[in-house]
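# Fold and geometry: a report
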Amino acid sequence: MEPPLGGGVVKPHSAAEEQADNLEDDKTTRRWREFGASVVWADAWPSSAGFDLISEALQDEAQKKDAIKKGGNIFAFTLKNDKAEEQSWYIDLKETGTLGKGVAPKGKKPNVTLVLSDVEFAKLISGKGNAQNMFMQGKLKIKGNMMAATKLGPILEKAQNKAKL
């Protein structure tokens with residue numbers, strides 16, 4: 001099995017860990033626990049766990065084919081963490097059903113780029129956030145084909161289902 005893209009490890013949140021929340025100083029870990037998962041990070045990008053969930057969902061060939069059929073685009077995500085650093089990831093649902101760091105696979109361009117914070121991305125992946133509301137509130141910016149962005153919903157649902165397992 002490949003290591004997670006961002007170095008994060010997602011594991012189910014146990015009742016025993018609930019008490020540790022009071023002692024935990026890592027704001028990122030607490031934020032992700034609010035969404036039902038404990039996260040241990042090797043870097044400053046909590047959103048990596050969300051991309052790991054999407055990548056894991058795309059490992060199943062049937063789900064990958066379905067995602068390519070429904071997505072039909074290359075989606076880029078430019079996220080900003082709490083240190084005001086930016087990082088980009090892509091999901092190629094036009095041809096390969098792969099996910100990686102960067103704006104797009106080598107030699108390709110994204111059809112749509114979503115720009116948002118790590119915190120807002122965590123809400124999208126967990127199902128606690130609504131992309132339309134985030135867009136209207138200015139928390140989500142869309143560059144490129146705005147209609148393509150609407151095709152991302154079913155793909156995010158696959159990640160949400162993985163997170164609930």
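Right, let's walk through the structure included here. None of the values given here were measured: they were computed from a predicted structure. (Residues numbered from 1 in each chain as written. Predicted model: local features only at pLDDT ≥ 70, side-chain atom pairs only at ≥ 80, totals over all residues. Heavy atoms only, no water.)

## Comments concerning the sheet that holds strand 4 (residues 86–92)
Under the convention used in this document: If DSSP finds at least two bridges between two strands, the strands pair. Each helix corresponds to a stretch of at least 4 residues labelled H or I by DSSP, and each strand to a stretch of at least 2 residues labelled E; elements are numbered beginning at the N terminus. Every angle, taken between N-to-C directions, lies between 0 and 180 degrees, and every axis is a line fitted to C-alpha atoms, over only the stretch in contact when it is a helix. We call two residues in contact whenever any of their non-hydrogen atoms come within 4.5 Å of each other.
Reading across the sheet, the five strands line up as 5-4-3-6-7 and stay open at both edges, with mixed pairing between neighbours. Only two strands of the sheet have a single partner each, and these edge strands are strand 5 (98–101) and strand 7 (141–144). The sheet shows a mean angle of 20° between the axes of neighbouring strands, taken without regard to direction. Two strands pair when backbone bridges link them, and strand 4 and strand 5 are joined in this way by four bridges, in the antiparallel orientation. Note that in strand 5 the partner of Ile91 across the bridge is Leu99. Lying over the sheet, helix 5 (residues 118–126) contacts strand 3 (74–80) and strand 6 (112–117), oriented at roughly 110° with respect to strand 6.

## Some remarks on the environment of Leu79
Within the secondary structure layout, Leu79 lies in strand 3. Expressed as a C-alpha distance, the spacing of Leu79 and Ser117, which sit 38 residues apart in the sequence, is 5.0 Å. If we ignore the near neighbours within four places in the chain, the residues touching Leu79 are Trp45, Ser47, Phe51, Glu85, Glu86, Gln87, Trp89, Leu116, Ser117, Asp118 and Phe121.

## Regarding the side chain of Asn81
Short version of the rule: N or O atoms closer than or at 3.5 Å make up a polar contact, with two conditions inside protein: a donor-capable atom paired with an acceptor-capable one, and, for residues adjacent in sequence, both atoms drawn from side chains.
The residue Asn81 is located in the loop between strand 3 and strand 4 in this model. Of the polar contacts made by the side chain of Asn81, one reaches the side chain of Glu85; its length is 2.9 Å.

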